[in-house]
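Here is what each chain is made of, one letter per residue.
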Amino acid sequence: MNRRNTSTHPAAAPSALLGDIRSLIEAARQRAASAVNSELTMLYWRIGQRIETQVLDGRRGAYGKQVLPTLAAQLVKDYGSGFAEKNLRRMVQFSHAFPDEQILVSLLRQLSWTHFIALIPLKDMLQRDYYAQMACAERWSVRTLRERINSMLYERTALSQKPDETVAKELAALRDAQRMSPTLLMRDPYILDFLGLQDSWQESDLEAAIIREMESFLLELGAGFSFVARQKRIQIDDEDFHLDLLFYNRKLRRLVAVELKLGEFKPAYKGQMELYLRWLDQHEREPQEASPLGIILCTGKKREQIELLELHKSGIHVAEYLTHLPPRTVLIARLQQATERARWQIEQRHPDESA
């Protein structure tokens, strides 16, 4: 006898349909959270501006000191602790740090209020703009942004050693046209403390450690890098040469050759890298790509040799690498000296522009 199924349990939903609906819900939640974050961040900026112009400007300093605690107490009573006096002061700092509303609106598409909290303490406007633009371009989490700031990424870029006007133009191109330049990515020194190298090692050990820790190495190289080859074979006149590492950068749309060296930079390295770059340009570069770039990583370099060789004209960047992170004070002093030297060199080459 046939028995009718009297079970009250609902039939299982098709897995594909369930997955689609879950994706729709999650996407809607993310959009809603992003919209709320943008509105709140814009609110904080407007509050900061109003307090600055109506309470804390130079003409009302004493008045502001009296009014702000009272204002904060009333707002906390009405809207909660998020509007305590210290938070109101942070909103004022926020409006100071990002005075251009149009630029702020463009940043809000990618950055949260917590991102801005990490950016506000940075005193230098160009430094702050660099981290904001790169955080948007590379979609950094707040944790990554803090790590980049702590590792002095901006100070280690080739960009930071340029005149302020050049820095501003490069950042504007990144913001307005999403155009990434090599100076935004190239850095000096590269910090490779994640490799775990001991006191004594060879070039082969360095290369093997990089391959082993490729994910961390790509993060240190910067945005858009992908690994292509190790010991890339280059055959010229029946003679074999081997390039240590070859990468591709999708933001720059070009190949990037990397040579690893122990000890200080030697002028002969220039000819070797130029040979590799010209071969790559002829045999590996696609029609829509820009000419390949080269990075020579050394444990040291002499500034005058680098300047006289004019390596930038060949698309070659020479940088030191550190296998152990030095104390922050040592790194700051080192980077300040490098920046001053680079800017002095630019002034010598273009005295009229620096006047």
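Above this text is the structure in question.
Predicted model only: the values in this text are computed from it and were never measured.

Here is what the cut-offs are and how they apply
Residues numbered from 1 in each chain as written. Predicted model: local features only at pLDDT ≥ 70, side-chain atom pairs only at ≥ 80, totals over all residues. Heavy atoms only, no water. Helix = DSSP H or I, 4+ residues; strand = E, 2+ residues; numbered from the N terminus. Buried < 20%, exposed > 50% of the residue type's maximum accessible area, 1.4 Å probe, protein only. Contact = heavy atoms within 4.5 Å. Areas by Shrake-Rupley, 256 points an atom, 1.4 Å probe, with all protein chains shown as cover. Axes fitted to C-alpha atoms, helices over the stretch in contact; angles between N-to-C directions. Parallel < 35°, antiparallel > 145°, perpendicular 65-115°, else oblique. Nonpolar A, V, L, I, M, F, W, Y, C, P; charged D, E, K, R; others polar. Polar contact = N/O pair within 3.5 Å; in protein donor to acceptor, adjacent residues only side chain to side chain. Salt bridge = Lys/Arg side-chain N within 4 Å of Asp/Glu carboxyl O. Arc of directions from axis to C-beta. Phe/Tyr/Trp six-rings, centres within 6.5 Å; stacked < 30°, edge-to-face > 60°. Pairing = 2+ DSSP bridges.

S.K.: Can you help me understand the overall build of the protein in this one?
M.R.: Secondary structure assignment for the protein yields 16 helices and 6 strands. Classification of the 355 residues of the protein by burial places 42% in the buried group. In the protein, the proportion of contacts linking residues at least 24 apart, taken out of those at least 6 apart, comes to 62%. Of the roughly 20,900 Å² of accessible surface on the protein, a fraction of 50% belongs to carbon and sulfur atoms.

S.K.: Could you clarify how one ought to interpret the environment of Pro-182 in this entry?
M.R.: Within the secondary structure layout, Pro-182 lies in helix α10 (residues 182-185). Exposure remark for Pro-182: the relative accessible area of 26% places this residue in the partly exposed category. Sequence-wise, Pro-182 and Lys-251 are 69 residues apart; in three dimensions their C-alpha atoms are separated by 9.5 Å. Dropping the residues within four chain positions of it, Pro-182 is found in contact with Leu-252 and Leu-293.

S.K.: Help me understand the packing of helix α1 (residues 15-54) against helix α3 (residues 85-97), please; the structure alone is not making it clear to me.
M.R.: In a pair of packed helices, the angle between the axes and the distance between the axes together describe the arrangement. The N-to-C vectors of α1 and α3 enclose an angle of 90°; their axes lie 7 Å apart at closest approach. Taken together, α1 and α3 sit at an angle that is classed as roughly perpendicular. Contact residues: α1 offers Thr-41, Tyr-44, Trp-45, Ile-47, Gly-48, Gln-49, Ile-51 and Glu-52, while α3 offers Leu-88, Met-91, Val-92, Phe-94, Ser-95 and His-96. Along the lines of polarity and charge, the residues of the contact of α1 with α3 split into 8 nonpolar, 5 polar and 1 charged.

S.K.: What exactly am I supposed to notice about the side chain of Glu-259 here?
M.R.: Mapping Glu-259 onto the fold places it in strand β4 (residues 254-260). In this structure Glu-259 comes out as buried when scored by relative accessible area, which is 3%. Of the polar contacts made by the side chain of Glu-259, one reaches the backbone nitrogen of Asp-244; its length is 2.8 Å. Only 3.3 Å separates the side chain of Glu-259 from the side chain of Lys-261, close enough to count as a polar contact. Every residue in contact with Glu-259, bar those within four places of it in the chain, is listed here: His-242, Leu-243, Asp-244, Gln-272, Met-273, Tyr-276, Ile-295, Ile-296 and Leu-297.

S.K.: When you look at the pattern of salt bridges in this model, what are you seeing that I'm missing?
M.R.: Any two side chains of opposite charge can pair, so long as their charged atoms come close to each other. Scanning the model with the defined rule gives 18 salt bridges in all. Here the salt bridges do not stand alone but share partners, grouping Asp-129, Arg-175 and Asp-176 into one network.

S.K.: Please explain helix α4 (residues 101-108) as it appears in this structure.
M.R.: Each turn of an α-helix holds 3.6 residues, which means side chains three or four residues apart point in the same direction. Here α4 has its buried residues at Leu-104, Leu-107 and Leu-108. Viewed along the axis of α4, the buried residues span an arc of 100°, placing them on a single side of the element. Residues of α4 that are buried sit in contact with α1, α3, α5 (113-119) and α6 (125-138). Near the N-terminus of α4, the side chain that reaches the backbone nitrogen of Gln-102, with its oxygen 2.9 Å away, is that of Asp-100.

S.K.: Mind showing me how you'd approach the packing of aromatic side chains here?
M.R.: Any pair of aromatic rings gets described here by the distance separating the centres and the angle formed by the planes. Using the criterion set out here, one finds 15 aromatic pairs in the structure. Relative to Phe-116, the ring of Phe-98 has its centre 5.2 Å away and its plane inclined at 85°; by these criteria the two rings are edge-to-face. Of this pair, Phe-98 sits in the loop between α3 and α4 while Phe-116 sits in helix α5, and the two are 18 residues apart along the sequence. Judged by its relative accessible area of 7%, Phe-98 is buried.

S.K.: How should the side chain of Asn-87 be read in this particular structure?
M.R.: Tracing the chain through its elements places Asn-87 in helix α3. Take Asn-87: its relative accessible area is 17%, and that puts it in the buried class. If we ignore the near neighbours within four places in the chain, the residues touching Asn-87 are Ser-81 and Gly-82.

S.K.: When you look at the sheet that holds β4 in this model, what are you seeing that I'm missing?
M.R.: Judged by pairing direction, the sheet is mixed, and its 6 strands sit side by side in the order β1-β6-β5-β4-β3-β2 without closing on themselves. With partners counted over all chains shown, the strands left at the sheet margins are β1 (190-191) and β2 (225-236), one partner each. Relative to strand β5 (residues 293-298), β4 is paired through 5 bridges, and the arrangement is parallel. Among the inter-strand pairings, Leu-260 is bridged to a residue of β5, identified as Leu-297. Most of the contacts of helix α11 (residues 203-212) go to β2, to which it runs at about 140°, and overall it touches β2, β3 (239-249), β4 and β6 (316-322).

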